[in-house]
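# Working through the structure, step by step
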Amino acid sequence: MNKVLVFGHKNPDTDTITSAIVYAYLKQQLGVEAEAVRLGEVNNETKFALEKFGFEAPRLIGSVVGEVAQVILVDHNEFQQSADGIEEVQITEVIDHHRVANFQTSDPLYYRAEPVGCTATILNKIFKENGIAVPANIAGLMLSAIVSDTLLFKSPTCTEQDVKAGEELAEIAGVDTAEYGLAMLKAGADLSDKSLEDLLSLDAKEFQFGEYKSVVAQVNAVDVNDVLGRQEELENLLNKSVAENGLDLFFFVVTDILNNDSTAVAIGQVADASAKAFGAEIVNGRIVLPGVVSRKKQIVPVLTDALK
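The text that follows walks through the structure, step by step, so that each part is easy to find. (Residues numbered from 1 in each chain as written. Predicted model: local features only at pLDDT ≥ 70, side-chain atom pairs only at ≥ 80, totals over all residues. Heavy atoms only, no water.)

Counting secondary structure elements, the protein chain contains 11 helices and 11 strands. By the compact-globule yardstick of 19 Å for 308 residues, the protein chain fits well, its C-alpha radius of gyration being 19 Å. With the C-alpha coordinates of the protein chain rotated into their principal frame, the extents come out at 55 × 45 × 30 Å. Within the protein chain, counting contacts between residues at least 6 apart in sequence, those at least 24 apart form 64% of the total. Surface accessibility of the protein chain: about 12,900 Å² in total, with carbon and sulfur atoms responsible for 46%. Averaging the positions of the 25 positive and the 46 negative side-chain charges in the protein chain gives two centres separated by 2 Å. (Helix = DSSP H or I, 4+ residues; strand = E, 2+ residues; numbered from the N terminus. Rg over C-alpha atoms; globule rule 2.2 N^0.38 Å. Contact = heavy atoms within 4.5 Å. Areas by Shrake-Rupley, 256 points an atom, 1.4 Å probe, with all protein chains shown as cover. Lys, Arg positive; Asp, Glu negative; His and termini not counted. Charge placed at Lys NZ, Arg CZ, Asp CG, Glu CD.)

Here's what the structure looks like:
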C-alpha cells in the first residue's frame, strides 16, 4: 500500500497541525500508511500543546510533488492555501469546517465538511464511528485544537458539538479545560519573540473575493498595542506585501483574547471598501471591530459578500 500524506493549510495553526497528527494516527489504526506533515512553521500556541502531550512537530514539506501520489487534506480545502503542487496529486479525503472554494478534483473522494468550530470535533466523531478509542495524548491534542479555534468556547463559531467534544476529550486527557486552555491561549498570544514580519505570516490565508486577490491574517494578543504600537512599520510591511504579491487587499487583524474584540489594519485598493463592509471607517489607519474574533465566521463571509 502506498503512503498517503495528511496535512492542513499553509501558515498552520493548532487545529491544522494537531488534526494532521490525529487523523494520520486514526488512518494508521485502520491499516493505512499515513504520515502527518506540515506546510509551515509551528506557532507558540501549537508548540505549547505539542510539548504538553508529548509530540514532535510533523515533518516540514513545501511541495507534494515527488513525495506521494495521494494526500488527505484537513482543516482546509482551498488550493491556494494548500501545498505547492496540490493539483498534481490525488486528494483522497478532505476533513474540514470551512467554506468550499477553489476546489476541484478529477476523481471521487471522501469529503466531510461540517459547520462546527473545529476540525477536531469532526475527528472525534470519526473515531467513534470506527469504534477506535482515543488515547489520552491524542485527546489532549484534539482538545487543544478545539480550545484554539473556539477561543475557549467564546467564539461565535463554537457549537454545542464543540463543547460536548471538548468535555469528552478533557476527561480522557485528564486536564482541566479552563486552566489548560487559558495557559495555551496565553502562550500563543505571547508575541515578545516575534518580529512584525513573523506576525504577518503567522496565521495568514489567501482568499479570492470576487476579482480581488486578498490575504486575511490574524494574530491573538493579550494587549493589542504589542502589535499596533508599531503601526507605521506594520503598514510599510503590508504595503510591501501588497506590491510584491499583487494583492488587492491585505486585511491584518489583531484580536484581543481577553476582551473578545479585534482591530484591523487594511492595505490595498479595496481597503476602504473592506472597512465599509463592517459598517466602519478607517480611522488613524485602523478599523475597530467590536465583538469580532472569528476570521471564518465574522470576517471572511463579510468580505466575500462585500467584494464579490
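According to the stated counting rule, one finds seven aromatic pairs in the structure shown. Taken together through their ring pairs, the aromatic side chains of Phe48, Phe53 and Tyr180 make up a single cluster. (Phe/Tyr/Trp six-rings, centres within 6.5 Å; stacked < 30°, edge-to-face > 60°.)

What follows is about the pattern of salt bridges. If you walk through the whole model with that rule in mind, you get 12 salt bridges. A salt bridge links arginine 59 to glutamate 35, with the shortest nitrogen-to-oxygen separation between them at 2.9 Å. Separated by 24 residues along the polypeptide, arginine 59 in strand 3 (residues 59-60) and glutamate 35 in strand 2 (residues 34-38) bring together distant segments of the chain. Where lysine 128 meets glutamate 168, a salt bridge forms, and the shortest distance between an N and an O atom there is 2.9 Å. Highlighted residues: lysine 128 in helix 3 (residues 119-129) and glutamate 168 in helix 5 (residues 160-173), separated in sequence by 40 residues. You can call glutamate 168 partly exposed: its relative accessible area is 23%. One network of salt bridges, with partners in common, ties together Lys3, Glu35, Arg59 and Glu67. (Salt bridge = Lys/Arg side-chain N within 4 Å of Asp/Glu carboxyl O. Buried < 20%, exposed > 50% of the residue type's maximum accessible area, 1.4 Å probe, protein only.)

Our focus in this paragraph is the nonpolar core. Formed by 49 residues in total, the largest nonpolar core has its most connected members in Val6, Tyr23, Phe127 and Met142. The element contributing the most residues to this core is helix 4 (residues 136-150), with eight residues. Each residue touching valine 6, except ones within four places of it in the same chain, is listed here: Ala20, Tyr23, Ala24, Ala34, Glu35, Ala36, Val37, Ile72 and Val74. Leu199, Val224, Leu247 and Val265 belong to the second-largest nonpolar core, a separate cluster that totals 23 residues. (Core = buried A, V, L, I, M, F, W, Y, C linked by side-chain atoms within 4.5 Å.)

Quick look at the sheet that holds strand 11 (residues 287-289) now. Across the sheet, which stays open at both edges, the five strands sit in the order 7-8-9-10-11 with mixed pairing between neighbours. In this open sheet, the two strands that pair with only one neighbour each are strand 7 (204-209) and strand 11. The sheet shows a mean angle of 25° between the axes of neighbouring strands, taken without regard to direction. Pairing of strand 8 (residues 212-221) with strand 9 (residues 249-256), which is carried by eight bridges, proceeds in the parallel orientation. Within the sheet, the bridge partner assigned to alanine 221 lies in strand 9 and is aspartate 256. (Pairing = 2+ DSSP bridges. Axes fitted to C-alpha atoms, helices over the stretch in contact; angles between N-to-C directions.)

The interhelical angle for the contact between helix 4 and helix 6 (residues 177-189), taken along N-to-C directions, is 65°, at an axis separation of 10 Å. Our classification of the angle between helix 4 and helix 6 gives roughly perpendicular. Crossing handedness for the pair helix 4 and helix 6: right-handed. Seen from helix 4, the contacting residues are Leu143, Ser144, Val147 and Ser148; seen from helix 6, they are Thr177, Tyr180, Gly181, Met184 and Leu185. Taken together, the residues that form the contact of helix 4 with helix 6 break down as five nonpolar, four polar and no charged. (Parallel < 35°, antiparallel > 145°, perpendicular 65-115°, else oblique. Left-handed = near helix turned anticlockwise from the far one by under 90°. Nonpolar A, V, L, I, M, F, W, Y, C, P; charged D, E, K, R; others polar.)

Our next topic: the environment of valine 242. Looking at the element boundaries, valine 242 is found in helix 9 (residues 231-245). Distance from valine 242 to isoleucine 299, taken between C-alpha atoms, is 19 Å for residues 57 residues apart in sequence. What valine 242 contacts, discounting residues up to four positions off in sequence, is Leu247, Phe250 and Ile267.

A positive phi angle, close to 50°, is found at asparagine 11, a residue other than glycine. With respect to the helices and strands, the residue asparagine 11 is situated in the loop between strand 1 (4-7) and helix 1 (14-29).

Below, the discussion takes up helix 3. Of all 11 residues that make up helix 3, eight are buried, and the element is covered over most of its length. Taken together, the buried positions of helix 3 are Thr119, Ala120, Thr121, Ile122, Leu123, Asn124, Ile126 and Phe127. Summarising the contacts, the buried residues of helix 3 are in contact with helix 1, strand 5 (90-96), strand 6 (110-113), helix 4 and helix 5. Glycine 131 occupies a position one or two residues after helix 3 and carries a positive phi of about 65°.

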